Amino acid sequence: MIFLDAAATTPVRREVIEAMFPFLTNQFGNPSSHHELGEQAASALAGARTQAAAVLGCHPGELTFTSGGTEADNLALKGIALAGRAADPCRTRIVISSIEHPAIAESADYLRRVHGFTVDMVPVGADGLVDTAGFVRLLAGDVAVASVMYANNEVGTVQDIPALASAARGLGVPFHTDAVQAAGWLDLDVQRLGVDALALSGHKLGAPKGVGLLYLRAGVPCEPLVHGGGQERGTRSGTENVAFAVALATALSLTEAGRDAAAGQATALRDGFIDQVLARVPGAQLTGHRTRRLPSVASFCFPGTSGESVLLELERRDIVCSSGSACAAGSDEPSAVLTAMGYARGVAQTALRFSFGAETTQAQLATAAQELEAAMGRIKRLRA
Ligand code: PLP
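Structure report, in brief. Everything numeric in this text was worked out from a predicted model, so none of it was measured.

1. Topic: empty space enclosed by the protein
The gaps of empty space that remain are located by a probe, the size of a water molecule, rolled over the atoms.
Part 1 of the reasoning: With the rule as written, the count across this model stands at one cavity of 30 Å³ or more.
Part 2 of the reasoning: Taken as a whole, the largest cavity encloses approximately 50 Å³ of empty space.
Part 3 of the reasoning: Glu154, Ser299, Leu338, Ala351 and Leu352 are the residues nearest the centre of the largest cavity, which is lined by 11 residues in total.
Part 4 of the reasoning: Residue assignment for the lining of the largest cavity shows that the elements contributing at least two residues are β10 (297-301) and β12 (351-355).
Part 5 of the reasoning: Per element, the largest residue contribution to the lining of the largest cavity is three residues, and it comes from β12.
Part 6 of the reasoning: Looking at the lining of the largest cavity residue by residue, the classes come out as five nonpolar, four polar and two charged.

Structure follows, in structure tokens:
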């Protein structure tokens with residue numbers, strides 16, 4: 001099988017399993033317990049936090065382990081908005097981009113429906129890039145929080161986060177970025193990015209599903225969403241998942257160490273694959289920005305086909321990819337990301353995303369491009 005769906009998830013790395021194993025077995029303590037077993041767990045958790053902080057260039061106390069990217073995004077958007085409005089009742093607006101993952105878009109909608117915030121969406125161009133001037137215009141006024149994703153999960157477009165964060169900071173608006181897709185490939189240094197909050201997820205990086213991380217700049221107020229025993233400095237109660245925290249920190253460090261080499265290699269593979277697909281499949285359209293895109297994502301529309309039927313045809317040929325994001329898969333609705341980028345509904349329904357991991361090879365991609373051409377030919381013959 002050729003797995004080209006790494007943006008949906010990745011296998012757990014062996015080194016990660018080895019690092020987390022002791023905390024699932026003989027060192028199984030609760031970090032809040034005042035005995036040796038508990039202290040071992042607390043020190044492993046502190047070690048994981050320090051290790052992750054070294055990658056993000058922040059203080060360990062600015063990190064909160066969560067159950068995944070979705071929870072980290074929810075905590076950032078809801079927590080900062082609610083705390084901001086509690087401190088200043090005029091702060092009743094939220095600004096997000098029109099192509100956010102549902103973890104942000106639905107959190108914003110919840111804040112609108114249940115808490116009466118106003119949500120403004122900054123549009124993107126046909127390449128998925130946020131209109132910076134439009135973003136700055138929307139920030140004028142009483143904004144409690146702004147959030148723009150670092151890299152899009154469907155088309156891979158990478159935003160200019162330092163520019164957007166600096167505009168928000170200049171206007172005193174807390175700025176969050178969803179870095180879930182970016183984390184495997186792009187710079188995560190929160191000082192260079194200039195963000196106030198950043199979310200990432202373990203399972204895109206070779207750690208298990210069900211663990212994530214939220215960076216929250218010291219001094220940015222954030223209302224907790226989960227109340228209880230006050231773990232994670234009160235930001236997120238509940239007995240900490242020590243093994244998964246260790247797993248995430250290990251995966252982050254390993255990713256960081258190999259990032260530049262992996263990104264360079266993937267970019268070359270990606271560009272070669274894009275060229276082959278455009279040459280082999282008449283009418284194929286690359287979606288997302290041509291160069292400002294994740295090294296690991298090649299996404300297309302194939303007008304006149306159906307994304308789902310091409311996906312199934314490719315799977316018969318042992319090529320696994322995605323007809324959009326995993327979250328939207330199985331729904332007949334065209335991708336909200338592509339429609340926000342200006343694609344007609346019928347064209348948006350023909351989207352396919354190929355996303356690579358560090359182990360993807362040129363030979364696999366050549367086979368995938370060849371099989372894609374053959375799959376298109378078969379679909380046409382069946383239709384005729
Ligand atoms: N944000 C983005 C951009 C994603 O791609 C995903 C998952 O695909 C998430 C958030 C949610 O992360 P998780 O699956 O860890 O909840």
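Alright, that's what it looks like, and here's the rest.
2. Observations regarding the state of the cysteines
Cysteine pairs can be linked by a disulfide, which is a covalent bond between their two sulfur atoms.
Part 1 of the reasoning: A complete count under the given rule lists zero disulfides for this structure.
Part 2 of the reasoning: Free of any disulfide, Cys301 has its nearest cysteine sulfur in Cys321, 13 Å distant.
Part 3 of the reasoning: On the accessibility criterion, Cys301 (0% relative accessible area) is buried.

3. So, the environment of Phe135
Part 1 of the reasoning: Within the secondary structure, Phe135 sits in helix α5 (residues 132-139).
Part 2 of the reasoning: For the pair Phe135 and Pro123, spaced 12 residues apart in sequence, the C-alpha to C-alpha distance is 8.2 Å.
Part 3 of the reasoning: Apart from residues no more than four positions distant in its own chain, Phe135 is found in contact with Val95, Val122, Val130, Ala146, Val148, Leu164 and Phe175.

4. Quick notes on the pattern of salt bridges
Part 1 of the reasoning: For the coordinates displayed, the defined rule picks out 22 salt bridges.
Part 2 of the reasoning: Between Arg112 and Asp109 there is a salt bridge, with its nearest N and O atoms 2.9 Å apart. Residue Arg112 and its partner Asp109 are both found in helix α4 (residues 102-115); the two are separated by three residues, about one turn of the helix.
Part 3 of the reasoning: By relative accessible area, Arg112 is classed as partly exposed at 40%.
Part 4 of the reasoning: Taken together, the salt bridges that share partners define one network made up of Glu313, Arg316, Arg317, Glu371 and Arg378.

About the cut-offs
Once a new chain begins, its residue numbering starts again from 1 and follows that chain's sequence as written. Confidence filtering applies because this is a predicted model: local features only for residues at pLDDT of at least 70, side-chain atom pairs given and counted only at 80 or more, and all residues used for totals across whole chains, interfaces and linings. To obtain the side-chain values, all non-hydrogen atoms of the structure were used and water was disregarded. Of the grid points, spaced at 1 Å and generated over the protein atoms alone, those admitting a 1.4 Å probe that cannot get out make up cavities, while open sets with protein on both sides within 12 Å along at least five of seven lines make up pockets; any residue with an atom within 4 Å of a point is treated as lining. Grid points are joined across faces, edges and corners, and a volume is the space filled by probe spheres set on the points. Counting from the N terminus, the helices are DSSP H or I runs at least four residues long and the strands are E runs at least two residues long. Three residue categories are used. Nonpolar comprises Ala, Val, Leu, Ile, Met, Phe, Trp, Tyr, Cys and Pro, charged comprises Asp, Glu, Lys and Arg, and polar comprises the others, including Gly. The criterion for a disulfide is a pair of cysteine sulfur atoms lying within 2.5 Å. For every residue, the accessible area (1.4 Å probe, protein chains only) is compared with the maximum for its type, and the residue is labelled buried under 20%, exposed over 50%, or partly exposed between those bounds. Any two residues whose heavy atoms approach within 4.5 Å are treated as being in contact. The salt bridge criterion pairs a side-chain nitrogen of Lys or Arg with a carboxyl oxygen of Asp or Glu, the two atoms within 4 Å.

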